[in-house]
Structures are given as C-alpha cells and as structure tokens.
Amino acid sequence: MFVYADNAATTQVSKTALDAMLPYLTEIYGNPSSLYSFAQKATEALQEARETVAACLNADPREIYFTSGGSEADNQAIVSAARLGARKGKKHLISTKFEHHAVLHTLARLEKEGFEVTLLDVHEDGVVRLEDLEAAIREDTALVTIMFANNEIGTVQPIAEIGALCRARKIPFHTDAVQAAGHMAIDVKAMNIDMLSISGHKFHAPKGVGALYARKGMVLTNIIEGGAQERGKRAGTENVAGIVAMAAALKESCVHMEENTAKIIPMRDKLFAELSKIPHSKINGSLEHHVPGTVNMCFEGIEGESLLLMLDDAGICASSGSACTSGSLDPSHVLLAIGLPHEVAHGSLRLSIGEYNTMDQIDHIIATVPGIVQYLRNMSPVWDELQKGERPHLI
C-alpha cells in the first residue's frame, strides 16, 4: 500500500485547481501587462483570483499581492516592516524560536544590519504566552511576526489575542499562515492581522505560487525590482495559471473545511493513540491547540532518518521535520525550542495527513511503525545502554 503522509511538505494538486489553471497554459496565455484584448483576459483572471483569495481571508482584493510562495511573502512582510520602523527610529523585532527559516533567516540578516531581534520561548507545549510577548514589547518595537501554525509540530498560536495586543500598541503584526490557510478559518480583520503569508502548494495548488496580505496603509518594500506588476510592489510577469489554480484551491478548501476537518481529526487522533503505545515515545506539542492533520512524535533510541528510509520501503512517505531543512544532520530547531534534548529530537517522526488519506492508510501506518522502531532499537548501541541502565531514559 502506498501512503502519502507528508502533506505539510506539499500536497497533491486537486482536480479543481488543475482544471482551473489549464486554460491559462494552453488557451488564455497572454501576458496580463499587455494592452490588447487577448491579454486582458488574463488580467481579468488575475482580478478574479485576487477577489477569491481576499474573500477567503476577509480582506480587500487591493490588499492581496501575489508572490512565488510563502518564503517570498515572509521576506517582503518582515523587511517592509523593518524598513518602515527604521525610518521612525524603531529597530526592534519580535518573533519566536520555532519560526520557519524564511522568517528566522530574514531576521538574522536584519540583525546584521543593526536591528535587534527578540525570539520568544514557545515552552514545552509549543505555544507562545501572551505575557511573554507583552513583556518583550518596547517603545522601539517595529514588528511582531509569529506563525499561525507550526510546520513541524502543528501547534496553533493565539493569533487573535496577539493581534489585539499588537493593534492596541500600534505595532504591525505579521503571521506566517502557510500551514493554516485552507485548513483553519482565517479572518484578518477580526484577528487584527496586518500582514499574512500563504503558499498554494500547502492546500492543493501547484508549487511556486503564494500571496501576501498587507492591510491597507502598510507600506511595502520591494524585494524584486523590475516592472510595475502587483501595483508596483512585486515585479515579474505574474504566474497567471498558478495564481488562478491557487485561488480555486483555496476557495475549495475553505468551502469544504468543516467536512475535511471532521474526516482528518479522527485519523490524526488514532495515530496519536496507537503510536503512543510504543514504549518510550513522546507526542510533541499541545493537542489542545493543534492543526487538524499533523502528528509529531519522538521515539527514544533511534535515528529519524533511518526510520524514514524504512517507512519509505514500506510505501509510507513521511518526514522528520520541515522539508526545507531535511538535508541537515542537525536536530530540528523546533524540537529543541520546545525543550527536547538533542538525542531525543534526533528520533522524530512527522506524519501530516489530509482529506485524501483514508483510515485504511492510517491502519497501515499503525501496523508498520512499531516494528520498524523495534528493529532499529535492536541494532542501536544507545538503546542497548538504555535497556541495561547504563544511561537514563529521557522519555
């Protein structure tokens, strides 16, 4: 049996998205910046897509800027707020220790330019405390950027409360909502969000297309210079087919969100319940504040990479963390941020399921993982030492 359980890394393009985009690859292929009527059909499609994305977020279409994905949107949002703050003498930025590297690396670059960055703790449950944020805010704070839902452990942050606090302090608030869009209800007005990033391939659109929501009045700094596309804030001929597909996929995901969630949560909970029966295993992150489909666990005495390879042999696609850092031998910065020791963090497994998965596939995972874990432990000198009491169990 083949099981794709890595939907947090990317998702299968839906038939709805594919059908929506195909005409803009084969029939309506004009450049939307051209003036003739054939090209203006593409321009109209962009506007319709902008309206669709905006409606899903409760935003104004003029507040939506299309990008190549979540990383570009994160970069533009953070750099824009930093530049705006610097002009007002504010050079302090607040984020968390377990953000996506698109955020962390952008903040690190700004630090080299003289900005000061405060990274909040996310505690063992992977949730930011409002009191920690409030204590970190200063007179010169130019931006708070905190992700909506974590890409590795699936914990959801108190976004509405964070937004309210930032709005009251007149501090711009950006959230990386790449793992939340299409899976959780988002209302940028009710949640007091000033900027928000999404990426199409996380909700059944193609790779290479995303969007930045920037509330009216937010001054954006150009990351890509060139033409006047996206109202002069994002140069480059628009990926019309990808944008149309993203809008169609997001609308479909939002329309069916309740029924998709009702299908996914029982599968997720069964994985947690059954895999937790493996001795010396640990669920990572709060289950109370959690996206529907992400399961992240650690198994003591094994290496996550070996587990993934053996799962692959069994037809199961999974990960040990973010796909963006899967080539790294270092343990996940997310798992270290929630307090796991290195030797435990190395034995992590992330299963991220979606509405295309079935309970039979979940049962296949449950039947397969324990045997692989035991096999790897049997050949592990670390596990041997743990069993003999030569070193203490950490789980």
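As shown above, the structure is provided for reference.
The following refers to the structure shown. Keep in mind the model is a prediction, meaning the values are calculated, not measured.

A look at the overall build of the protein
Along the protein, the regular secondary structure elements total 15 helices and 12 strands. In terms of C-alpha radius of gyration, the protein reaches 22 Å, essentially the compact-globule figure of 21 Å for 395 residues. C-alpha atoms of the protein, sized along the principal axes, occupy 75 × 50 × 35 Å. Here the protein holds 395 residues, and the buried ones make up 55% of them. Long-range contacts, defined here as pairs at least 24 residues apart, represent 73% of the contacts in the protein between residues at least 6 apart.

Description of the pairing of strand S5 (residues 141-145)
Along any regular strand the residues' side chains alternate between the sheet's two faces. Within S5, five of the five residues are buried, which leaves the element mostly enclosed by the surrounding structure. With three bridges joining them, strand S3 (residues 92-96) and S5 adopt parallel strand pairing. Pairing of His92 across the sheet is with Thr141, part of S5. Since S5 and strand S6 (residues 173-176) lie parallel, the crossover through helix H7 (residues 159-168) that links them has a hand, and here it is right-handed.

Here we look at the pairing of strand S7 (residues 195-199)
Within S7, five of the five residues are buried, leaving the element largely enclosed by the surrounding structure. Burial along S7 is two-sided: the face carrying Met195, Ser197 and Ser199 and the face carrying Leu196 and Ile198 are both buried. Here S6 runs beside S7; their pairing, made up of three bridges, is parallel. Bridged to Asp176 within S7 is Ser197. Of the strand pairs in this sheet, S7 and strand S8 (residues 210-214) are connected by five bridges, and their pairing is antiparallel. Along S8, the bridge assignment pairs Leu196 with Tyr213.

Digging into empty space enclosed by the protein
Inspection of every chain in the model, using the stated rule, returns two cavities of 30 Å³ or more. Each pocket or cavity is described by its volume, and for the largest cavity that value is around 250 Å³. Every residue lining the largest cavity is counted, 21 residues in all, and those nearest its centre are Gln179, His183, Ile264, Gly293 and Ile353. Counting residues per element, the lining of the largest cavity draws most heavily on helix H10 (residues 257-275), at four residues. Of the residues in the lining of the largest cavity, the class split is six nonpolar, 13 polar and two charged.

Here's the deal with the sheet that holds S3
Taken in spatial order, the seven strands make up an open sheet running S2-S8-S7-S6-S5-S3-S4, and their pairing is mixed. Where the open sheet ends on each side, the last strands, each with one partner, are strand S2 (64-67) and strand S4 (116-120). When strand polarity is set aside, the average angle formed by the axes of neighbouring strands in this sheet is 20°. With two bridges joining them, S5 and S6 adopt parallel strand pairing. Note on S6: the bridge partner recorded for Thr145 is His174. Relative to S2, helix H3 (residues 37-57) is tilted by about 115°, and along the sheet it contacts S2, S7 and S8. Its contacts with the sheet place H7 against S5 and S6, and it is angled at close to 160° to S6.

Calculation rules
- Residues numbered from 1 in each chain as written.
- Predicted model: local features only at pLDDT ≥ 70, side-chain atom pairs only at ≥ 80, totals over all residues.
- Heavy atoms only, no water.
- Helix = DSSP H or I, 4+ residues; strand = E, 2+ residues; numbered from the N terminus.
- Rg over C-alpha atoms; globule rule 2.2 N^0.38 Å.
- Buried < 20%, exposed > 50% of the residue type's maximum accessible area, 1.4 Å probe, protein only.
- Contact = heavy atoms within 4.5 Å.
- Pairing = 2+ DSSP bridges.
- Right-handed = clockwise from strand over helix to strand, strands pointing away.
- 1 Å grid on protein atoms, 1.4 Å probe; cavity = no way out; pocket = protein on both sides within 12 Å on 5 of 7 lines; lining within 4 Å.
- Points joined across faces, edges and corners; volume = space filled by probe spheres on them.
- Nonpolar A, V, L, I, M, F, W, Y, C, P; charged D, E, K, R; others polar.
- Axes fitted to C-alpha atoms, helices over the stretch in contact; angles between N-to-C directions.

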